[in-house]
Amino acid sequence: MTKPPLLSARECVKALEAVGFVVDRQRGSHIILRRESPPPTRTVVVPNHKEIDRRTLKSIIDQAGLTAEEFIELL
């Protein structure tokens, strides 16, 4: 298993947009992204930080239904 890299929120959102997520809304320092298709609908919350902790990034990748390798290819 590949270790997730250190990324900013902007880089993370850009990678998720590449697989069909769109920014739904932002509340405070959290960006909420949503993907309608393919089913099931998925919602991912990304903290708007300069550097996202690796454990948090791993959780975001899991919520998105991706593997770490798939996510790294999107960068």
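The structure we're discussing is the one just above.
Going along each chain's sequence as written, the residues are numbered from 1 onward. Totals for whole chains, interfaces and linings use all residues, but because this is a predicted model, local features are given only for residues with pLDDT of at least 70 and pairs of side-chain atoms are given and counted only at 80 or more. Values shown for side chains rest on all heavy atoms present in the structure; no hydrogens or waters enter the calculation.

Caption draft 1: Summary view of helix α2 (residues 54-64). Note on exposure labels: buried denotes an accessible area under 20% of the residue type's maximum, exposed denotes more than 50%, and partly exposed covers the range between, all computed with a 1.4 Å probe on protein chains only. For helices the rule is a DSSP run of H or I covering at least 4 residues; for strands it is a run of E covering at least 2, with both sets numbered from the N terminus onward. When α2 is considered as a whole, its buried residues turn out to be Leu57, Ile60, Ile61 and Ala64. Here the buried residues of α2 occupy an arc of 100° about the axis, which is enough to place them on one side. By the convention used here, residues are in contact when the closest approach between their heavy atoms is within 4.5 Å. As for α2, its buried residues are in contact with α1 (9-17), β2 (30-35), β3 (42-47) and α3 (68-74). A positive phi of about 80° marks Gly65, the residue just after α2. It is the directions from the helix axis to the C-beta atoms whose arc is reported.

Caption draft 2: Quick peek at the sheet that holds β3. Pairing between strands is defined by DSSP: at least two bridges between the two strands are required. Read from one edge to the other, the open sheet built from 3 strands follows the order β1-β2-β3, with strand pairing classed as antiparallel. The open sheet has two edge strands, β1 (22-27) and β3, and neither has a second partner. Direction aside, the axes of adjacent strands within the sheet are offset by 25° on average. With 6 bridges connecting them, β2 and β3 associate as antiparallel partners. Residue pairing across strands places Arg35 opposite Arg42, the latter belonging to β3. Each axis is a line fitted through C-alpha atoms, taken for helices only over the stretch in contact, and angles between the N-to-C directions span 0 to 180 degrees. Contacting β2 and β3, α2 crosses the sheet at an angle of about 165° to β3.

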